[in-house]
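# What the coordinates show
So you can see what is in the structure, the chains are spelled out below.
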Amino acid sequence: MTDDFHDSDARDHDERPSKSEKKRQSAAIQALGEEVATLPKGELAQMPVPDELKEAIATSRRIKSREALRRQYQYIGKLMRKLDTDELEVAMQERREKVQQLDRSFHELEAWRDRLIEEGMPAIDALKSELPGADRQKLRQLVTRAKQEAERKQPPKSARELFRYLRDLKEDSLKQGW
């Protein structure tokens with residue numbers, strides 16, 4: 001009979017999270033709250049955030065003192081612990097993935113720009129095969145000017161223009177399904 005009591009007590013203990021686990025969960029929710037609080041206003045408006053939490057976030061944006069801001073983030077975490085944050089976590093994860101995708105795309109375009117400036121015509125031909133909408137003459141002109149600016153140690157105006165042109169090409173190709 002005592003063995004049954006101890007077995008049931010052990011099972012209850014295994015099912016409940018430990019104090020350390022509760023602290024980790026609390027810290028994760030508070031970190032999510034801080035991340036949400038630092039979102040731009042337009043993105044925050046799109047997130048599934050209740051009004052009480054939006055008010056706390058608005059308050060945190062007006063706070064200048066570091067210590068007061070830390071306390072406000074703790075309050076935001078406290079509010080979030082009372083909420084079901086699953087939907088918000090999913091929305092924030094989607095946002096993180098979108099930001100990572102934009103970063104990858106940006107780095108890819110930077111790599112193309114650098115390759116075009118280094119290699120010249122062979123890289124232009126490779127880009128033209130990947131993005132058929134590219135204007136070979138415009139690319140050649142931009143690449144030539146970018147090389148000249150680099151040799152003269154001038155500001156990279158043409159390299160920036162080349163990057164913008166590549167970005168526009170990429171956006172157009174995505175719209176057209178290339």
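Just above sits the structure.
Quick summary incoming for the structure in this document. Computed from a prediction, not measured in an experiment: that's the story for all the values here. (Residues numbered from 1 in each chain as written. Predicted model: local features only at pLDDT ≥ 70, side-chain atom pairs only at ≥ 80, totals over all residues. Heavy atoms only, no water.)

### As for the nonpolar core
- Judged by nonpolar contacts, the single largest core of 19 residues is most densely connected at Leu116, Leu127, Leu139, Leu162, Leu166 and Leu169.
- For this core, the secondary-structure elements that each account for two or more residues are helix 6 (86-119), helix 7 (121-130), helix 8 (136-151) and helix 9 (157-176).
- The biggest single contributor to this core is helix 9, with six residues.
- Apart from residues no more than four positions distant in its own chain, leucine 166 is found in contact with Leu109, Trp112, Arg113, Leu116, Leu127 and Leu139.
- Counting residues in each nonpolar core, the second largest holds 18 residues, with Ile29, Val49, Leu53 and Ile57 among its members. (Core = buried A, V, L, I, M, F, W, Y, C linked by side-chain atoms within 4.5 Å. Buried < 20%, exposed > 50% of the residue type's maximum accessible area, 1.4 Å probe, protein only. Helix = DSSP H or I, 4+ residues; strand = E, 2+ residues; numbered from the N terminus. Contact = heavy atoms within 4.5 Å.)

### Observations concerning the pattern of salt bridges
- Inspection of every chain in the model, using the stated rule, returns eleven salt bridges.
- Its salt-bridge partner being arginine 71, residue glutamate 67 comes within 3.8 Å of it at the nearest N-O pair. Placement of both glutamate 67 and arginine 71 in helix 5 (residues 66-81) is noted, with a separation of four residues, approximately one turn of the helix.
- A relative accessible area of 45% places arginine 71 in the partly exposed class.
- Between aspartate 125 and arginine 136 there is a salt bridge, with its nearest N and O atoms 2.4 Å apart. Placement of aspartate 125 in helix 7 and of arginine 136 in helix 8 is noted, with a sequence separation of eleven residues between them.
- Where salt bridges share partners, they join Glu67, Arg70 and Arg71 into one cluster. (Salt bridge = Lys/Arg side-chain N within 4 Å of Asp/Glu carboxyl O.)

### As for a negative patch on the surface
- Negative charge collects at one region of the surface, where Asp84, Asp86, Glu87 and Glu89 lie side by side.
- Position of aspartate 86 among the secondary structure elements: in helix 6.
- The class of aspartate 86 is partly exposed, set by a relative accessible area of 48%. (Patch = residues over 30% accessible without salt bridge, like charges linked within 9 Å, V, L, I, M, F, W, Y side chains within 5 Å. Areas by Shrake-Rupley, 256 points an atom, 1.4 Å probe, with all protein chains shown as cover. Lys, Arg positive; Asp, Glu negative; His and termini not counted. Charge placed at Lys NZ, Arg CZ, Asp CG, Glu CD.)

### Quick notes on unusual backbone geometry
- The phi torsion at lysine 153 lies on the positive side, around 55°, for a residue other than glycine.
- For lysine 153, the location among the structural elements is in the loop between helix 8 and helix 9.
- The class for lysine 153 is exposed, based on a relative accessible area of 75%.

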